[in-house]
Amino acid sequence: MARATRVPYLVSGTNEYGSSNLGRGTATVALRLARKLLREGYMDVRVCTPRGRVLQSNELDELKAPKESDMAKGQQRSNREAKKPKKEKAKVIAAAPSRKDAAWQPDFGPAKKK
């Protein structure tokens, strides 16, 4: 049994041999395909969005994803969030002697030899 895949963007165009209707999953990929069809000489290139809006070849720029600056104020990330410095860790070298202060150890007096 074949599984149906959902392709929300439909790209169509016509050339001298006939018309092509191709489905794509994302706006970016649909836009890339539509521009490729235009370069290859297809006429009447259109992209149908998931909401049913049909974009002509001169309206394809409206399909671009909004840049971060175009986002609503609440959705933007501040510079502090984007460039938060990492915590510095002290490097430990296994071959080097420990630099910790020596802990107190009891003194048993001078050792006697027999």
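Throughout, a residue's number is its position along its own chain's written sequence, starting from 1. Local features in a predicted model are, by the rule used here, given only for residues with pLDDT of at least 70; side-chain atom pairs are given and counted only at 80 or more, and totals for whole chains, interfaces and linings are based on all residues. For side-chain calculations, the full set of non-hydrogen atoms in the structure is used, while hydrogens and water are omitted.

By definition, a salt bridge exists where a carboxyl oxygen of Asp or Glu is found within 4 Å of a side-chain nitrogen of Lys or Arg. Inspection of the entire model under this criterion finds 4 salt bridges. The residue R46 makes a salt bridge to D44 at a minimum N-O spacing of 3.1 Å. Taking relative accessible area as the criterion, R46 reaches 33% and is therefore assigned partly exposed. Classification of residues uses two cut-offs on accessible area relative to the type maximum, computed with a 1.4 Å probe and protein chains only: under 20% is buried, over 50% is exposed, and between them is partly exposed.

Bringing the pairing of strand 3 (residues 43-48) into the picture now. Two strands qualify as a pair provided DSSP detects at least 2 bridges between them. Each helix is a run of H or I in the DSSP string that is no shorter than four residues. Each strand is a run of E no shorter than two, and both are numbered from the N terminus. Of the strand pairs in this sheet, strand 1 (residues 9-15) and strand 3 are connected by 4 bridges, and their pairing is antiparallel. Across the sheet, residue S12 finds its bridge partner in strand 3, namely R46. As defined by bridge partners, strand 3 adjoins strand 4 (residues 54-56) across 3 bridges and the pair is classed as antiparallel. Bridge assignment links R46 to a residue of strand 4, and that residue is Q56. The hairpin turn running from strand 3 into strand 4, its antiparallel successor, is 5 residues long, and G52 in that turn takes a positive phi close to 90°.

Take the sheet that holds strand 4 next. Ordered in space as 2-1-3-4, the 4 strands form an open sheet in which the pairing is antiparallel. For this open sheet the edge positions go to strand 2 (18-24) and strand 4, each flanked by a neighbour on one side alone. Averaged over all pairs of adjacent strands, the angle between their axes in this sheet comes to 20°, without regard to strand direction. Examined bridge by bridge, strand 1 and strand 2 share 7 bridges and lie antiparallel to one another. Following the sheet pairing, S12 is matched in strand 2 by N21. Against the sheet, helix 1 (residues 27-39) touches strand 1, strand 2 and strand 3, its axis set at about 5° to strand 1. Lines fitted to C-alpha atoms define the axes, with helix axes restricted to the stretch in contact, and inter-axis angles between N-to-C directions lie between 0 and 180 degrees. Any pair of residues with heavy atoms lying within 4.5 Å of one another is described as a contacting pair.

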